[in-house]
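# Architecture at a glance
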Amino acid sequence: MKIKTTFAMLAFALGLQPGPAAAEGATAVEPLQPIAALDVQRYMGTWYEIAKYPNWFQKKCVGDTRADYSLQPTGQIQVINRCREEDGSLSEAIGQARQLGPADSPRLEVRFAPASLSFLPMVWGDYWVIDLDPGYQLVAVSEPSREYLWVLSRTPVVDAQAYARLLGRLETRGFDPARLERTLQAAAPQDQVPTAGKAQ
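Below you will find a few notes about this structure. Keep in mind the model is a prediction, meaning the values are calculated, not measured.

With that settled, the discussion passes to helix H3 (residues 160-172). For H3, spanning 13 residues, the distance from its first C-alpha to its last is 19 Å, which sits close to the expected 18 Å at 1.5 Å a residue. Taken as a whole, H3 has its buried residues at Tyr-163, Ala-164, Leu-166, Leu-167 and Leu-170. Burial along H3 is one-sided: seen end-on, the buried residues are contained in an arc of 160°. Facing away from the buried side of H3 by over 90 degrees, the exposed positions are Gln-161 and Thr-172. Where the residues of H3 are buried, they touch strand E2 (45-52), strand E7 (125-132), strand E8 (138-142) and strand E9 (149-153). One or two residues past the end of H3 sits Gly-174, with phi positive at roughly 100°.

Quick look at the side chain of Ser-145 now. Note on placement: Ser-145 falls in the loop between E8 and E9. A distance of 2.6 Å separates a polar atom in the side chain of Ser-145 from a polar atom in the side chain of Glu-143.

Moving on to the pattern of salt bridges. Tallied over the entire structure, the rule returns eight salt bridges. With a shortest N-O distance of 2.7 Å, Arg-84 and Asp-64 are connected by a salt bridge. One end of the pair, Arg-84, is in strand E4 (residues 77-85); the other, Asp-64, is in strand E3 (residues 61-71), with 20 residues separating them in the sequence. According to the relative accessible area criterion, Arg-84 is partly exposed, its value standing at 29%. Among the residues examined, Asp-64 registers a relative accessible area of 21% and is labelled partly exposed. Among the salt bridges present, the one from Glu-109 reaches Arg-98, with a minimum N-O distance of 2.9 Å. Placement of Glu-109 in strand E6 (residues 107-111) and of Arg-98 in strand E5 (residues 90-99) is noted, with a sequence separation of eleven residues between them.

Looking at where Arg-173 falls in the secondary structure, it is placed in the loop between H3 and strand E10 (181-182). In this structure, the C-alpha to C-alpha distance between Arg-173 and Arg-146, residues 27 residues apart in sequence, is 9.6 Å. Contact partners of Arg-173, with chain neighbours within four places excluded, come to Leu-32, Gln-33, Pro-34, Ile-130 and Arg-146.

Definitions and limits used
Residues numbered from 1 in each chain as written. Predicted model: local features only at pLDDT ≥ 70, side-chain atom pairs only at ≥ 80, totals over all residues. Heavy atoms only, no water. Helix = DSSP H or I, 4+ residues; strand = E, 2+ residues; numbered from the N terminus. Expected span 1.5 Å × (residues − 1). Buried < 20%, exposed > 50% of the residue type's maximum accessible area, 1.4 Å probe, protein only. Arc of directions from axis to C-beta. Contact = heavy atoms within 4.5 Å. Polar contact = N/O pair within 3.5 Å; in protein donor to acceptor, adjacent residues only side chain to side chain. Salt bridge = Lys/Arg side-chain N within 4 Å of Asp/Glu carboxyl O.

See below:
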């Protein structure tokens, strides 16, 4: 299968994101906080994208979006993002993530720019784990401005009630569930995938 890279500017998009006041129609909300602590070893592995706020750097993705994380000997995390495009080709981007703070910090930064540019602050984008179930099966990822949001699951099918509860928690923290766009997963029968943005 042909592999194309369409996530190459992801870090730039996240690194140059607007602050909360820049968002149209934004209202005053409490500063976003991540979860208390993250077990990085448990977080490694494959996560399937269930829903996301639409963004330009994933515009060509039509489904089967997933992220694979693996801890490297250097302590950094390798990130491989994949998705299927309309012509059936596979889009793939390989990047790096790093924790900010202690070993259990839920605040990370990610870059997909070449390693030679890693010294530039703008190539690193915030990756904050803001909601995570105790079993490390369902997670919400965002950044301080709330401009970006992803809901990821260990499986392509997510429990509808768990998903609805997650949307409720996100709404109380200043997110708009109606903005979420469902991600199509070929392995998930559509009658088993909850509609993004609707907490039923």
